[in-house]
Number of protein chains: 2
Amino acid sequence: MIRKVHIAMHRLVYQEEIKMVKWNNLDTLSAFANLEKAAKVSVKKEMAGENGALRVKKYSVPMAEGLAYNYAAKAVNDELLDAFQKLADEAELAGKFEELYNGEVINTGEKRRVLHQLTRGQLGNDVVADGVNKREFYVAQQSNIAKFANDVHSGAIVNGNGEKFTTVVQIGIGGSDLGPRAIYLALENWAKATGNFKMEAKFISNVDPDDAAAVLNSVDVAHSIFVLVSKSGTTLETLTNESFVKDALKKAGLDASKHMIAVTSETSPLAKSSDYLAAFFMDDFIGGRFSSCSAVGGAVLSLAFGPEVFARFLDGAAAEDKLATNRNVKENPEMLDAIIGVYERNILGFPATAVLPYSQALSRFPAHLQQADMESNGKSVNRFGEPLNYVTGPVIFGEPGTNGQHSFYQLLHQGTDIIPLQFIGFKNSQIGTDVDIQGSTSQQKLCANVAAQIVAFACGKDDENNNKKFEGNRPSSIIIGEQLTPEAMGAILSHFENKIMFQGFLWNVNSFDQEGVQLGKVLAKKVLAHDTDGALKEYSDLLNI
Amino acid sequence: MIRKVHIAMHRLVYQEEIKMVKWNNLDTLSAFANLEKAAKVSVKKEMAGENGALRVKKYSVPMAEGLAYNYAAKAVNDELLDAFQKLADEAELAGKFEELYNGEVINTGEKRRVLHQLTRGQLGNDVVADGVNKREFYVAQQSNIAKFANDVHSGAIVNGNGEKFTTVVQIGIGGSDLGPRAIYLALENWAKATGNFKMEAKFISNVDPDDAAAVLNSVDVAHSIFVLVSKSGTTLETLTNESFVKDALKKAGLDASKHMIAVTSETSPLAKSSDYLAAFFMDDFIGGRFSSCSAVGGAVLSLAFGPEVFARFLDGAAAEDKLATNRNVKENPEMLDAIIGVYERNILGFPATAVLPYSQALSRFPAHLQQADMESNGKSVNRFGEPLNYVTGPVIFGEPGTNGQHSFYQLLHQGTDIIPLQFIGFKNSQIGTDVDIQGSTSQQKLCANVAAQIVAFACGKDDENNNKKFEGNRPSSIIIGEQLTPEAMGAILSHFENKIMFQGFLWNVNSFDQEGVQLGKVLAKKVLAHDTDGALKEYSDLLNI
């Protein structure tokens, strides 16, 4: 009873705060009920013959930077697209995004604004918090980082022996690791091929001591600059690994404070410490998993590739953000992708989504999306804390093609569950070195494979022998670009961040908190304090803690 | 009609061939029907208080090499374990394994024996094919590889300039890549810490030209030896990447045939080519995803760590294989794990399984298991080609802990689907370098976290605020070991290979073919030959092929 009153009051106060839009559960929307009743589409039937060709031409939305989101092989048709538009309108997706970028407290659980889009551009009104214009704050941080990175590259900032730094090592976990690491790998070869490569980057994340030890063994610490990334300044893994690194620096006879910089919030214990050569700031309005465009990604990527490359990456993200404001689902790739995903999850009943980039450079991008998506929308209560009667975020997994084709694609083609697929492909490679074998280059073979897979999944193939039969009807979409450049990477990152945001709006969850990570932390502390009983004590004993 | 007769005849002939055991669908077994009716177990209730402590002590099976499989936090009790035993007996799991290791044609689709266990030990009768004792054949290959590796290490085999090789580069995809790569990463730091590290290994897999180009840019080709791995000698990606490498060697003024060895079948076009310094053989009885213990893993791992280390790895796998022959599910970790997985998938209805090693060294082991499991059991027809009325292989995904805790664990704890979890943890690190922060080492923190997670997932936590509430009841098991040594790695690999095999027996699928990968290959060839129409032509045009 008390709890119910609490929720009701919370809801009342909250609706008062944000007057413009209504936050309702998906299953209360009449557009959703209509979508449930709408006739289903057979991907196999629709994608056959000339109709398939027409769909590929028609069901494509331009993205920023020359990219396109093609959804021809999804289980949709014009009637469903109309129903999607009605759902987008009734759920007020564009209005909710507007509230968000205008600085409303969308992260209700933690009572925080959600401003990661503001790190790359101004979409709406000025956002002022505690007297600070937040766009100006983020731009100032980028500019501080740019100056610092340029000084490191020019040799104005050097190590204790007056020598240039050659390597940057990011110390961070979760959002401070996966996004920056995925983007570093995505652009490393591009940077080397275009003369934009400044310094090698390495990453230490796991509290497993072998992670830090192996990275430290692989770098020349005397010429390495370490970026400690923790918003709160209290992340166990990161602080432990900082000590690990400081130990190594000390053993090498080096002054740690000349080798470390911090990326943190202004209120954290790291902010004004003399332990760091410099500190760059983010704030509570940037969730870890959405922090790649803030100082969290900015420091390491600007050091690795130069601040101009990082700025180009931000421009790509900003350009895609603008497209995401469109109220027309057929012109808004993020909103459309989000609705298709919810349709597949809540109406067609598919449990997971595979992300399959046909680009080795995107090898860790699926791991980043796994966090961004599953941590945001893996929730069982709505934004008012009320239990939900429908499923929310799916499992996200993936590996680059063509590698995946020789691995888990068997299940995707012939398994008993249908797993929707998100392909990504580029016409051109990054390095440009290639060989012509049997009349085609490797890049052509790569692209031929992704085209073939889309059609194989959609259309299947009949066979006398059931074991060689492909049912088809496996829906997929593809993002196609010219080349994986910094701008394209920014646009693709923005696409998925905004897709996740729109899905959170549809499910009516708070996509910007992560209370589900707390209990493990609390119990781990108990184990380390030997304050355990029952099963926890037994496991601790088994593991010799 | 014709198809039905065909299937019936196939079944008849087949049952004739393998007389000892009966191959029936899971849903025809009375033990399965009884299991469906059996009372469900609440993990949350069972794992609370002192009963939880008792379960942790009791529900543990010794594995080889001092490892243990602990299933206290699974949704089982003594009654269910009895029902599992009945299912194992009725499904004749031990008998089917016996047929397999005695050399029967278990891979019915391709009409092949399944002999990967024989690469590491002899479990049953001599297996003779075409007059060759297969155990002797595999041992001979290992011994040839050992001699070759020792010659490379000693300098008896050198490059064109008479210099020692320093790097080995594996060229292979799917099973020729994921397993060997995962095991190399698993043992790299152990080898460095114990003086067993001989040569760095790199891997080229993707047909994406940037994969080969980046690896070639990162090695000293003049001192690199390349291992070309393709059973058939016809894998598109691998042959393309071979040409890529040969091009690079030629451009560097080197004789490619002095830098390349082949791992292939004796009947492949690569087997007797003068293009290679040496050739080592596998055969059709070793599936790619089960080939890590054959020459496919043997060449690269023996070159990287020395043949003695590879032999220790095989010993660990062989020891675990022996345990897998036990008819008692409570003494057979592989059979038990398999049945629990099928119970979770087909009776409790869980769609996916996460593999969560608390060991950075196992960073790519989940990707290997993703192939091994999903390619084996992602099937919709039984071994006779008859459609199945139940779900088979789940989605498998995972990342090392503690990294995953800061990523997708939110969904695992508080999402709307329950995902069973497979933890792996070791008491000791591999390198041994560690720091003591706040009274505990990093290794202790790592272990404290995995202990805490198991209990958090099982027991949950109530809270006034639904958003901070954990339902618990998330089942998990853990494999615990002293340290990730070559023997432990072998035992763990064997555990999962045999688990997958037993699950295939339960689902009555052929776990050893992969017809689902064929259609994509056929269509990709059409694209490259410009022999397309409809949607396939449009996608080809979009991708500039």
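Structure first, text after, so check above.
Starting from 1, residues in each chain are numbered consecutively following that chain's sequence as written. Labels are handed out in written order, letters beginning with A for the chains and numbers beginning with 1 for the ligands. Restriction of local features to residues with pLDDT of at least 70 applies here, the model being predicted, together with a cutoff of 80 or more for giving and counting side-chain atom pairs; totals for whole chains, interfaces and linings are based on all residues. Side-chain numbers here rest on the full set of heavy atoms in the structure, without hydrogens or water.

### Let's talk about the sheet that holds strand S9 (residues 278-282) of chain B
Residue and element names in this part refer to chain B.
- Two strands qualify as a pair provided that DSSP identifies no fewer than 2 bridges between them. Secondary structure elements are taken from DSSP: a helix is a run of H or I of four residues or more, a strand is a run of E of two residues or more, and numbering for both begins at the N terminus. Spatially, the 5 strands line up as an open sheet ordered S6-S5-S7-S8-S9, and their pairing is parallel. A single partner strand is all that each edge strand has here, and the edge strands are strand S6 (200-204) and S9. Across the sheet, the axes of successive neighbouring strands diverge by a mean angle of 20 degrees, strand direction being ignored.
- Where strand S5 (residues 167-171) and S6 come together, 5 bridges link them in parallel fashion. Across the sheet, Val 168 pairs through a bridge with Ala 201, a residue of S6.
- Here a residue-residue contact requires only that any non-hydrogen atoms of the pair lie within 4.5 Å. To obtain each axis, a line is fitted to C-alpha atoms, and for helices this fit is confined to the stretch in contact; angles are then taken between N-to-C directions over 0 to 180 degrees. Contacts between helix H8 (residues 178-193) and the sheet are confined to S5 and S6, with S6 contributing the most and set at about 150 degrees to the helix.
- Its contacts with the sheet place helix H11 (residues 295-305) against S5, S6, strand S7 (224-229), strand S8 (260-265) and S9, and it is angled at close to 155 degrees to S8.

### Description of the side chain of B:Ser291
All names here are of chain B.
- Within the element layout of this structure, Ser 291 appears in the loop between S9 and H11.
- Buried residues are those whose accessible area, probed at 1.4 Å on protein chains only, stays under 20% of the maximum for their type, while exposed residues exceed 50% and partly exposed ones sit between those limits. We classify Ser 291 as buried; its relative accessible area is 1%.
- Within the structure, the side chain of Ser 291 is placed 2.6 Å from the backbone oxygen of Gly 288, a separation counted as a polar contact. For this analysis, a polar contact is any N or O atom pair within 3.5 Å, provided that within protein one partner can donate a hydrogen and the other can accept it, and provided that sequence-adjacent residues contribute only side-chain to side-chain pairs.

### Examining the relation of the copies chain A and chain B
- Superposition of the copies was done by least squares, using only C-alpha atoms of residues whose pLDDT is at least 70 in both. For the pair chain A and chain B, the superposition axis carries a translation of 0.0 Å, the fit reaches an RMSD of 0.0 Å, and the rotation angle comes to 180 degrees. Both copies of the chain, as the preceding transformation shows, are related through a two-fold rotation axis.
- A share of 98% of the interface residues of chain A reappears at the interface of chain B, consistent with the copies meeting face to face through the same patch.

### Digging into the sheet that holds strand S6 (residues 200-204) of chain A
Residues and elements named next belong to chain A.
- Read across the sheet, 5 strands follow the order S6-S5-S7-S8-S9 without closing on themselves; strand pairing throughout is parallel. Strands at the two margins of the open sheet, each flanked by one partner only, are S6 and strand S9 (278-282). Mean inter-strand twist for the sheet, computed between neighbouring axes without regard to direction, equals 20 degrees.
- In this structure, strand S5 (residues 167-171) lies alongside strand S7 (residues 224-229), joined through 5 bridges in parallel fashion. Directly across from Ile 171, in S7, lies its bridge partner Leu 228.
- Packed on one face of the sheet, helix H8 (residues 178-194) meets S5 and S6 and runs near 150 degrees to S6.
- Its contacts with the sheet place helix H11 (residues 295-305) against S5, S6, S7, strand S8 (260-265) and S9, and it is angled at close to 155 degrees to S8.

### Looking at the packing of aromatic side chains
- Working definition: rings of Phe, Tyr and Trp (its six-membered ring) pair if their centres are within 6.5 Å, and the pair is stacked with planes under 30 degrees apart, edge-to-face with planes over 60 apart, and tilted otherwise. Overall, the coordinates contain 40 aromatic pairs over all chains when judged by the stated rule.
- With centroids separated by 6.2 Å and ring planes inclined at 75 degrees, the aromatic side chains of A:Phe502 and A:Phe505 adopt a geometry described as edge-to-face. Highlighted residues: A:Phe502 and A:Phe505, both in helix H17 (residues 486-507), separated by 3 residues, approximately one helical turn. Each member of the pair, A:Phe502 together with A:Phe505, is buried.
- Above the ring of B:Phe197, the side-chain terminus of B:Lys192 is found at 4.9 Å from the ring centroid.
- One cation-aromatic arrangement involves B:Arg383 over B:Trp23; the distance from NZ or CZ to the ring centre is 3.8 Å. Distance and angle both matter: a charge sits over a ring if NZ of Lys or CZ of Arg is within 6 Å of the ring centre and within 35 degrees of the ring normal.

### Some details on the nonpolar core
- A:Phe397, A:Tyr539, B:Phe397 and B:Tyr539 are the most contacted members of the largest nonpolar core, which has 324 residues in total.
- Apart from residues lying up to four places away in sequence, B:Phe397 is in contact with A:Gln370, A:Met374, A:Val395, A:Phe397, B:Ala352, B:Thr353, B:Ala354, B:Val355, B:Gln370, B:Phe408, B:Leu412 and B:Ile419. Nonpolar core, defined: a set of buried Ala, Val, Leu, Ile, Met, Phe, Trp, Tyr and Cys residues in which side-chain atoms within 4.5 Å join the residues together.

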